[in-house]
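Analysis of the macromolecular model
Residue-level listing of the chains:
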Amino acid sequence: MSKTGTAEAPQQQQATTGAGSLEIRDSRTGTSYTVPIMESAVEGDKAVRGMDLRQIKADPAEFGLMSYDPAFMNTASCKSAITFIDGDKGILRYRGYPIEQLAEGATFLEVAWLLRHGELPDQKQYDQWVRDITYHTYVHENMRKFLEGFRYDAHPMSMLCSTVAAMSSFYPEAKNIQDPEQRNISIIRLLAKLPTLAAFAYRHVKGLPFIYPDNDLSYVENFLSMVARMSESKYEANPVFTRALEILFILHADHEQNCSTNAVRAVGSSHVDPFSAVAAGIAALYGPLHGGANEAVLHMINEIGHPKNIPAFIEGVKTGKGQRLMGFGHRVYKSYDPRAKIVKQLADDVFKQVGMDKDLEIALELERIALSDDYFVSRKLYPNVDFYTGLIYRSMAFPTSFFTVLFAVARTAGWLAQWEEMLLDKEQKIARPRQIYVGPGERPYRSTLSDKKPHATKDSIRR
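Since this is a predicted model, take the numbers as computed values, not measurements.

Judged by which residues are buried, strand S4 (residues 83–86) turns out to be covered on both faces: Thr83 and Ile85 on one side and Phe84 and Asp86 on the other are all buried. Judged from the 4 bridges that link them, S4 and strand S5 (residues 91–94) form a sheet pairing that is antiparallel. The residue bridging Asp86 from the neighbouring strand is Ile91, located in S5. In textbook terms, the turn of a hairpin is the stretch between consecutive antiparallel strands, and for S4 and S5 this stretch comprises 4 residues, one of which, Gly90, has a positive phi near 70°.

Have a look at this one:
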């Protein structure tokens, strides 16, 4: 922290260096172009700037050549120093630190500091960071009224997305994003209040009274208290559950330029306040192709129903008869997801507390068969972090609809680090992708309506 108490941007290493050039010859004109190749100074990623393609034209009046890349399969939208992933080797690092080491020894708030500042905090920085977040865990009482307006069966992700967006109206000064002090307090407020809002959403769905934060507890213990506390005067969390949730929060804290992080950066590039940008990330995470993957694992296990049905299910997956093997494989990781190894051990610890049940038997047998079947091994369909995460959450008595909320609480740390990095990157502008137009050419307007004057009826007037 600086003397004024605001966050200082981490010192970045040289992000890219020259790595030769690409010679492109346009067969339409015979013209050759030299396009510089950029290379990461740390891990050797290589890229060419998309804008360098604009110079390639068959006619000077043309717009210039664009690259067409649906879903950003091979497009780098930014330079980032936060998270490194090597999918082929199964590597995940936060600011250079292996995820395995952080999960074993760090706290979630320590990781949240690291993601934002680039270095681990010293004791003084960490103590102040924890105090600041603990101080801001309460939410305005009007937020309770806002939450009470939702139906009893509203999805908790809908409630979380709405309440986070609504917080921008409680803190209008948060729109001053170029002010380091305002950025700092907004980041602290979001990290502090997300668990409170998430717990309130949980209690609303359950029809239980809201439990206020207990600032004598740690970050994770406080969250569990707000979720599970009933009539006891002081909530004491199961230490195995507390550590499990702490590790899961660390594993989910950031994951490079995924769908929700891209949403936070894209919306944040308009220079909106961080509450609105994070709400956009929550909305993206809500989708079943992103944050809902661990829910899908439980649905699959319920569909299998019994360990004896696994061979038939596996055969259905291999023959393409409608079954899908959820929780295996990953768009980024082409070998074993490094987070899955950690979660597997975590699951063993949790299941020792709650005991073995039918669903866990199915999961273990499914993993054993899939890892010994050449069909899945040759396709590198290894268990990913979602495979056991849902089972752990269910063992801790969280409802399936709440799994993605837990994901969002953790990922807020990464979203905010990515948002601030985007904001401080002088190369970044408001996100505005190009398109390839495939509609009709110019054509004259001729009305196809016989009567364009709407007639108001007495019934429509009454309405």
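Throughout the structure, instances matching the rule amount to 0 disulfides. Free of any disulfide, Cys259 has its nearest neighbouring cysteine sulfur in Cys161, separated by 13 Å.

Pairing of strand S2 (residues 32–40) with strand S3 (residues 46–47) involves 2 bridges; the strand directions are antiparallel. Note that in S3 the partner of Glu39 across the bridge is Lys46. Where S2 folds back on S3, the antiparallel hairpin that results is connected by 5 residues, among which Gly44 adopts a positive phi of roughly 85°.

What follows is about the packing of helix H11 (residues 293–304) against helix H16 (residues 385–395). Relative to each other, H11 and H16 sit at 80°, their axes nearing to 8 Å. Viewed along their axes, H11 and H16 adopt a mutual orientation that is roughly perpendicular. Contact with H11, carried on its side by Ala293, Asn294, Val297, Leu298, Met300 and Ile301, involves Asp386, Phe387, Thr389, Gly390, Leu391, Tyr393 and Arg394 of H16 and no other residues of that element. Residue classes in the contact of H11 with H16 are distributed as 8 nonpolar, 3 polar and 2 charged.

A cluster of nonpolar side chains, Phe63, Met66, Tyr68, Ile436 and Val438, forms an exposed patch at the surface whose accessible area comes to about 550 Å². Here Ile436 lies in the loop between helix H17 (403–424) and helix H18 (458–462). A relative accessible area of 47% means that Ile436 is categorised as partly exposed.

Let us now look at the confidence of the model for the protein chain. Regions with low pLDDT carry predicted coordinates that are not meant to be interpreted in detail. Residues of the protein chain with pLDDT of at least 70 account for 94%, and the chain-wide mean is 90. Counting contacts from residues 1–5, a segment whose pLDDT is below 50, to residues more than four positions away or on other chains yields 8 contacts.

Taking 1.5 Å of rise per residue, the 12 residues of helix H10 (residues 274–285) would be expected to cover 16 Å, and the 16 Å separating its terminal C-alpha atoms lies within 8% of that figure. Within H10, 10 of the 12 residues are buried, leaving the element largely enclosed by the surrounding structure. Buried within H10 we find Pro274, Phe275, Ala277, Val278, Ala279, Ala280, Gly281, Ile282, Ala284 and Leu285. Buried residues along H10 sit in contact with helix H5 (156–170), helix H6 (180–206), helix H9 (259–268) and H17. A distance of 3.0 Å separates the backbone nitrogen of Phe275 from a side-chain oxygen at the start of H10, and that oxygen is part of Asp273.

This next bit is on unusual backbone geometry. At Phe72, a position not held by glycine, the phi torsion is positive, near 55°. With respect to the element layout, Phe72 can be found in the loop between S3 and S4. The exposure class of Phe72 is partly exposed, given its relative accessible area of 46%.

Moving on to the environment of Val297. Within the secondary structure, Val297 is located in helix H11. C-alpha separation for the pair Val297 and Ser401, spaced 104 residues apart in sequence, amounts to 13 Å. Beyond its immediate chain neighbours, meaning those up to four positions away, Val297 contacts Met326, Gly327, Asp386 and Phe387.

Turning our eyes to something else, we now look at helix H13 (residues 338–354). Spanning 17 residues, H13 covers 25 Å between terminal C-alpha atoms, matching the ideal 24 Å at 1.5 Å per step. Buried within H13 we find Pro338, Arg339, Ala340, Ile342, Val343, Leu346, Ala347, Val350 and Phe351. Structurally, H13 contributes buried residues whose contacts are with S5, helix H1 (99–105), helix H8 (239–251), helix H14 (358–372) and H16. Positioned one or two residues after H13, Gly355 has a phi angle of 90°, which is positive.

Rules and cut-offs
Residues numbered from 1 in each chain as written. Predicted model: local features only at pLDDT ≥ 70, side-chain atom pairs only at ≥ 80, totals over all residues. Heavy atoms only, no water. Buried < 20%, exposed > 50% of the residue type's maximum accessible area, 1.4 Å probe, protein only. Helix = DSSP H or I, 4+ residues; strand = E, 2+ residues; numbered from the N terminus. Pairing = 2+ DSSP bridges. Disulfide = S-S within 2.5 Å. Axes fitted to C-alpha atoms, helices over the stretch in contact; angles between N-to-C directions. Parallel < 35°, antiparallel > 145°, perpendicular 65-115°, else oblique. Contact = heavy atoms within 4.5 Å. Nonpolar A, V, L, I, M, F, W, Y, C, P; charged D, E, K, R; others polar. Patch = residues over 30% accessible without salt bridge, like charges linked within 9 Å, V, L, I, M, F, W, Y side chains within 5 Å. Areas by Shrake-Rupley, 256 points an atom, 1.4 Å probe, with all protein chains shown as cover. Salt bridge = Lys/Arg side-chain N within 4 Å of Asp/Glu carboxyl O. pLDDT = per-residue confidence, 0-100. Expected span 1.5 Å × (residues − 1). Polar contact = N/O pair within 3.5 Å; in protein donor to acceptor, adjacent residues only side chain to side chain.

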